[in-house]
Amino acid sequence: MNAFAALPEREMEFAFSAADHRAIADLIYAESGILLPDTKAKLIYGRLARRLRACGLSTFPDYLALVASDAGERARAVDALTTNHTAFFRENHHFEHFRESLWPGFAERLASGGRVRVWSAACSSGEEPYSLMMTILGTDTRAADKLARQDFRVLATDLSPSVIATARAGRYPLDTTRAMPAAMRSAWCRRVGEMDELSPALREPIAFRELNLLRKWPMRRPFDVIFCRNVMIYFDEPTKAQLLARFADQLVDGGILYIGHAERIPPEVAARFHCIGRTAFQKVS
Ligand SMILES: C[S@@+](CC[C@H](N)C(=O)[O-])C[C@H]1O[C@@H](n2cnc3c(N)ncnc32)[C@H](O)[C@@H]1O
């Protein structure tokens, strides 16, 4: 079968050919590294049909011509095609590892005036960095004031502007916050209509920024810990290897990298990390 199979035309509002699929897949790969093989035809169609309607267009070739000339619409197309699934305390073993193995040393360093930096790379709508903050603070809301006076910061980035806006707002549907342990939820969430709003104290140490992992990174100083979970599954092997080599460069010696449960360190960069736990790695000095 053709690698890029078109969808059957019956009952479709817009024709979607194999050539349209290939052109969109090439564009998204070039912009974000995300692979969109033939199994994603329905997803592409479903998400971009909305953009065609919003732009008042009636064919995919017209939409492709628009994204070729309009950087704003190109960014909206990439945004529409990212998969942003996440959850509070997803793959909780990483947060447990952080609390038990890393935080005691970091807390000591911070207490003596030192600095600690964590990067949540591809943070989606923010559940990952907020889970980290709750891991550190537990249910002690006063500990947040103390931490705010110390040199501790979390950088949380994602390619998608829409998820970064959600993360910054810190408001989540009740279904989403139900994944938090009950005591954490009552310590850090305030009900606002049909949503839970996270306390500003929890949000304070986190800087949310739009950042494409494939482009230049503006950060100059290294990180103690990088979370990059459940994004490399969308990338091909060369992209994964390049990204992991850049993470190694961006970590302090002995710094820690957490990756997603279905992700692996490719052989090209294996010498730069050693495994210290379940999908947890330490940069080799
Ligand atoms: C499935 S979510 C993972 C969120 C979180 N890390 C977790 O494990 O729950 C993947 C995220 O990667 C982001 N992403 C995809 N390609 C990216 C790129 N090239 N640069 C930065 N973020 C990217 C998507 O926008 C999406 O929010």
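Up top you'll find the structure we're talking about.
For the structure given in this document, a descriptive report is provided here. Remember, it's a predicted structure, so these values are computed and weren't measured experimentally.

### Describing the overall build of the chain
If you tally the helices and strands in the chain, you get twelve helices and ten strands. Radius of gyration (C-alpha) of the chain: 21 Å, near the 19 Å computed for a compact globule of 285 residues. When its C-alpha atoms are laid out on the principal axes, the chain stretches across 65 × 50 × 30 Å. Out of the 285 residues in the chain, the part that is buried amounts to 49%. Counting contacts in the chain only where the partners sit at least 6 residues apart, residues at least 24 apart contribute 71% of the total. Of the accessible surface of the chain, which amounts to about 13,600 Å², a share of 52% is contributed by carbon and sulfur atoms. Counting 38 positive and 34 negative side-chain charges, the chain places the centres of these two groups 4 Å from one another.

### Remarks on the site of the ligand
Around the ligand, 22 residues are found, and the nearest of them are Thr86, Arg90, Ala122, Asp158 and Asn230. Within the contact set of the ligand, a nitrogen atom lies 3.0 Å away from a side-chain nitrogen or oxygen of glutamate 128. For the ligand, a nitrogen atom lies 2.9 Å from a polar atom in the backbone of leucine 213. With the chains in place, 99% of the 600 Å² that the ligand exposes on its own is no longer accessible.

### Side note on the sheet that holds strand β4 (residues 189-192)
Pairing is antiparallel across the open sheet formed by three strands, whose spatial order is β3-β5-β4. What marks the edges here is a single partner per strand, and that holds for β3 (171-173) and β4. The mean angle between the axes of side-by-side strands here comes to 35 degrees, regardless of whether they run parallel or antiparallel. Direction of pairing for β4 relative to strand β5 (residues 195-198): antiparallel, over a ladder of four bridges. Residue pairing for β5: cysteine 189 is matched across the bridge by leucine 198.

### Observations regarding the sheet that holds strand β6 (residues 206-210)
As summarised here, the arrangement of the seven strands in space is β6-β2-β1-β7-β8-β10-β9, forming an open sheet in which the pairing is mixed. With partners counted over all chains shown, the strands left at the sheet margins are β6 and β9 (273-277), one partner each. Neighbour-to-neighbour, the strand axes of the sheet open up by a mean angle of 20 degrees, direction not taken into account. Of the pairings in the sheet, the one linking strand β8 (residues 251-259) to strand β10 (residues 280-283) comprises three bridges and is antiparallel in character. Bridge pairing in β10 links tyrosine 258 to alanine 280. Packing of helix α5 (residues 92-111) onto the sheet brings it into contact with β1 (115-121), β2 (151-158), β7 (223-228), β8, β9 and β10, and relative to β7 it is tilted by some 160 degrees.

### A closer look at helix α6 (residues 127-137)
In terms of burial, α6 is a largely internal element, eleven of the eleven residues being buried. Of all the positions in α6, only Glu127, Glu128, Pro129, Tyr130, Ser131, Leu132, Met133, Met134, Thr135, Ile136 and Leu137 are classed as buried. A positive backbone phi angle near 60 degrees is found at glycine 138, which sits one or two residues after α6.

### Some points on the nonpolar core
Residues Ile24, Trp119, Leu213, Ile226, Phe247 and Leu257 are the most contacted members of the largest nonpolar core, which totals 47 residues. At the level of secondary structure, the elements contributing two or more residues to this core comprise α1 (18-32), α2 (41-55), α3 (60-69), α4 (71-81), β1, β7, α12 (237-250) and β8. Ranked by residue count, the leading element in this core is α2, at six residues. Each of domain 1 (18-81) and domain 2 (92-283) contributes no fewer than three residues to this core. In this structure, Leu102, Met134, Met180 and Trp188 belong to the second largest nonpolar core, which totals 38 residues.

### Observations regarding the environment of phenylalanine 95
Relative to the helices and strands, phenylalanine 95 resides in helix α5. Judged by its relative accessible area of 1%, phenylalanine 95 falls in the buried class. C-alpha separation for the pair phenylalanine 95 and arginine 109, spaced 14 residues apart in sequence, amounts to 19 Å.

The rules behind the values
One numbering rule holds for all chains: residues counted from 1, following each sequence as written. With pLDDT at 70 or above as the cut-off, local features in this predicted model cover only qualifying residues; side-chain atom pairs require 80 or more to be listed or tallied, and sums for whole chains, interfaces and linings still use all residues. To obtain the side-chain values, all non-hydrogen atoms of the structure were included, while hydrogens and water were left out. Numbering of helices and strands runs from the N terminus, with a helix taken as a DSSP run of H or I at least four residues long and a strand as a DSSP run of E at least two residues long. Within these notes, the globule rule equals 2.2 Å times the number of residues to the 0.38 power, and the radius of gyration is based on C-alpha atoms. The cut-offs for exposure are 20% and 50% of the maximum accessible area for each residue type, with area from a 1.4 Å probe on protein chains only; residues under the lower value are buried, those over the upper are exposed, and the others partly exposed. In this description, contact between two residues means that some pair of their heavy atoms is separated by no more than 4.5 Å. Per-residue and other accessible areas were derived by the Shrake-Rupley procedure at a 1.4 Å probe size, with only the shown protein chains allowed to occlude residues. Working convention for charge: Lys and Arg count positive, Asp and Glu count negative, and His plus the chain ends are omitted. Where a charge lies is defined by one atom per residue type, namely NZ (Lys), CZ (Arg), CG (Asp) and CD (Glu). One heavy atom suffices: a residue is near a molecule or strand as soon as one of its heavy atoms comes within 4 Å of it. Pairs of N or O atoms within 3.5 Å make up the polar contacts considered here, provided that, within protein, one atom can donate a hydrogen while the other can accept it, and that residues adjacent in sequence are counted only when both atoms are side-chain atoms. What makes two strands pair is DSSP finding at least two bridges between them. The axes are straight lines fitted to the C-alpha atoms, using for helices just the contacting stretch, and the angles between their N-to-C directions are given from 0 to 180°. The set of buried Ala, Val, Leu, Ile, Met, Phe, Trp, Tyr and Cys residues whose side-chain atoms join them within 4.5 Å is what this entry labels a nonpolar core. All domain edges in this entry derive from an automatic or database-based domain assignment.

Function cannot be read off these values alone, since they describe shape.
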